[in-house]
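# Structural overview for review
Each chain is listed here by its residues.
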Amino acid sequence: MRLATLPEGDQRVQAKQRRGDFRYVSVQTGEQPLTRYQGVLQCRYGYGRAAETVNQGDTGQDFAAVRMNGNVCNFVLCDGVGMSYLGDFAARFLGNSLLDWLETTSVPSAEGIEKLLQDLTIPASEQLEKLQPLDNSPLLLREVLMEKRSRGSQAMYVCGQIILSGASRRSRVWIAWQGDSRIRLWRNGQEQSATFQKYCRTNERWSTREGSVGGKPHIFEAKMSGSENVRLQLYTDGLNDLDAIQAYIPDEHIQVLLDSRHTGGLEDDAAFIELEW
């Protein structure tokens, strides 16, 4: 069973931590054992590819990242749509773009992210055209791929920002999402995830061709008191076994689900982020 703890000063390819600064970015070509980081906020994160993807040596369709700088934490979780053209690209491109936007935006808003999602279609489409030239592909395969490419690459997403207010530990939370990735929130041990579950919709996503698909981004905003213990959990549908579990889950149990040896490996890619403060 693989578990890891990231203490002060440990340097990794996927996760880097400096004084007051922590960054984790998933690597879509490999697995990330469940790892715990303790800073201003506590973070647990892990990543696993589906068994079929691993066996074929393919890239995972999910993408996850966390950036902490001082009292600000930005995060993103993306699930590339497998039936679209190169869904792994959409997840990676969108995830990095959302993180950059959160880091450079003073106050994230519904209007701001709607504009961003539309503006990203141009550079994303340009990169997609260059990513996999089809000239040397067999004619029949080329026609199929060109048809898929014409519809664009797609990904579901969750992104957000947590800001802590100094010694008082009051916090402000902002989350935006489209799709069926899970968002679960506990306040003082009581789960309050009804809003997220109500708008967990498989027909909603972002497309390199159209921008937002299936409607506009859903937005959650809240201010938490300094006396509250808050836990925010995000994961893609490869970890849907977590859906029915409300209790806190130890690291080793989450790792068992990421390994999924009881089923011969994951049936779908899985990305996991949990933040607690």
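Let's shift gears to the overall build of the protein chain. Each helix and strand counted, the protein chain has seven helices and 16 strands in total. Taking all 277 residues of the protein chain together, the buried fraction comes to 53%. Excluding contacts between residues fewer than 6 apart, the proportion of contacts in the protein chain whose partners are at least 24 apart in sequence is 68%. Within the structure as shown, the protein chain displays about 12900 Å² of accessible surface, and the carbon and sulfur contribution to it stands at 49%.

Tracing the backbone shows Thr-121 in helix H4 (residues 121–131). The spacing of Thr-121 and Gly-152 is 31 residues in sequence and 9.4 Å in space, taken between C-alpha atoms. Ignoring any residue separated from it by four or fewer positions in sequence, one finds Thr-121 in contact with Trp-206, Ser-207, Thr-208, Arg-209, Glu-210 and Gly-211. A distance of 2.7 Å separates the side chain of Thr-121 from the backbone oxygen of Gln-118, its partner in a polar contact.

Here we take up unusual backbone geometry. Despite not being glycine, Arg-169 has its phi angle at roughly 65°, a positive value. For Arg-169, the position within the fold is in the loop between strand S8 (154–165) and strand S9 (170–178). The residue Ser-260 is not glycine, and still its phi comes out positive at about 50°. Here Ser-260 shows up in the loop between helix H7 (251–259) and strand S16 (270–276).

Of the positions making up helix H3 (residues 110–119), those classed as buried are Ile-113, Leu-116 and Leu-117. Mapping the buried residues of H3 onto a view down its axis gives an arc of 95°, with all of them on the same face. Every exposed residue of H3 that faces more than 90 degrees away from the buried side is listed here: Glu-111 and Lys-115.

It is worth spelling out the side chain of Arg-187 at this point. By the secondary structure assignment, Arg-187 is in strand S10 (residues 182–187). A polar atom in the side chain of Arg-187 sits 2.8 Å from the side chain of Glu-228. Residues within four places of Arg-187 in sequence aside, it is in contact with Gln-192, Lys-223, Met-224, Glu-228 and Asn-229.

To continue, consider helix H2 (residues 87–104). Across its 18 residues, H2 extends 26 Å between first and last C-alpha, which sits within 8% of the 26 Å expected from 1.5 Å per residue. Where burial is concerned, most of H2 is hidden: 13 out of the 18 residues are buried.

Here we come to the packing of aromatic side chains. Counted under the stated rule, the structure contains eight aromatic pairs. When the centroid spacing of 4.1 Å and the interplanar angle of 5° are considered together, the rings of Phe-22 and Tyr-37 count as stacked. Linking Phe-22 in strand S3 (residues 21–25) with Tyr-37 in strand S4 (residues 32–38), this pair joins segments that are 15 residues apart in sequence. For Tyr-37, a relative accessible area of 5% gives the class buried. On the numbers, 5.3 Å between centres and 65° between planes, the contact of Trp-177 with Phe-196 is edge-to-face. Of this pair, Trp-177 sits in strand S9 while Phe-196 sits in helix H6 (residues 194–198), placing them 19 residues apart in sequence. Three or more aromatic residues joined by ring pairs form one cluster here, namely Phe-22, Tyr-24, Tyr-37 and Tyr-45. Against the face of Trp-186 rests Arg-231, its NZ or CZ located 3.9 Å from the ring centre.

Further remarks concern the confidence of the model for the protein chain. When pLDDT drops low, the exact placement of atoms in the prediction is not to be read closely. Here the protein chain shows a mean pLDDT of 90. Residues at 70 or above account for 87%. Between residues 5–13, whose pLDDT stays under 50, and residues either more than four places distant or in other chains, the model counts 19 contacts.

Turning our attention to the state of the cysteines. All told, the structure shown has zero disulfides when counted by the stated rule. With no disulfide of its own, Cys-73 lies closest to Cys-43 among cysteine sulfurs, the gap being 6.7 Å.

Grouped together as the largest cluster of nonpolar side chains are 32 residues, with contacts concentrated most on Ile-162, Ile-175 and Leu-275. Among residues more than four places away in sequence, those in contact with Ile-175 are Phe-75, Val-158, Cys-159, Gly-160, Ile-183, Phe-196, His-218, Ile-219, Phe-220 and Leu-232. By size, the runner-up hydrophobic cluster in this structure holds 26 residues, among which are Tyr-85, Leu-98, Leu-102 and Ala-155.

In regular strands, side chains alternate between the two faces of the sheet. Of all six residues in strand S15 (residues 230–235), six are buried, a share of seventy percent or more. Neither face of S15 is exposed, since Val-230, Leu-232 and Leu-234 on one face and Arg-231, Gln-233 and Tyr-235 on the opposite face are all buried. Summarising the sheet, S10 and S15 pair through six bridges and their orientation is antiparallel. Along S15, the bridge assignment pairs Ile-183 with Leu-234.

Rules used throughout
- Every chain is numbered on its own, with residues counted from 1 as its sequence reads.
- Per-residue local features are limited, in this predicted model, to residues with pLDDT of at least 70; the limit for side-chain atom pairs, both in listing and counting, is 80 or more; totals at the level of whole chains, interfaces and linings are taken over all residues.
- Computation of side-chain values covers all heavy atoms of the structure but excludes hydrogens and water.
- Each helix is a run of DSSP H or I of at least 4 residues and each strand a run of E of at least 2, with the numbering of both proceeding from the N terminus.
- Note on classification: 1.4 Å probe, protein chains only; a residue is buried when its accessible area is under 20% of the maximum for its type, exposed when over 50%, partly exposed between these limits.
- In this description, contact between two residues means that some pair of their heavy atoms is separated by no more than 4.5 Å.
- Accessibility throughout is a Shrake-Rupley quantity obtained with a 1.4 Å probe, and a residue counts as covered only by protein chains that appear here.
- Throughout this description, a polar contact denotes any pair of N or O atoms lying within 3.5 Å of each other; where both atoms belong to protein, one of them has to be capable of donating a hydrogen while the other can accept it, and for residues adjacent in sequence the pair is counted only when both atoms sit in side chains.
- Picture the helix axis, draw a direction to every C-beta atom, and the arc is the one those directions span.
- Each helix should span, by expectation, one fewer than its residue count multiplied by 1.5 Å.
- Whether two aromatic rings pair depends on their centres lying within 6.5 Å, for rings of Phe, Tyr and Trp, where Trp uses its six-membered ring; planes under 30 degrees apart make the pair stacked, over 60 edge-to-face, and the rest tilted.
- For a Lys NZ or an Arg CZ to count as sitting over a ring, it must be within 6 Å of the ring centre and within 35 degrees of the ring normal.
- One number per residue, pLDDT, summarises how confident the predictor is, and it ranges from 0 to 100.
- Throughout, disulfides are identified as pairs of cysteine sulfur atoms within 2.5 Å of each other.
- Among the buried residues, those of types Ala, Val, Leu, Ile, Met, Phe, Trp, Tyr and Cys that are joined through side-chain atoms within 4.5 Å form a nonpolar core.
- Strands are labelled as partners when DSSP assigns at least two bridges between them.

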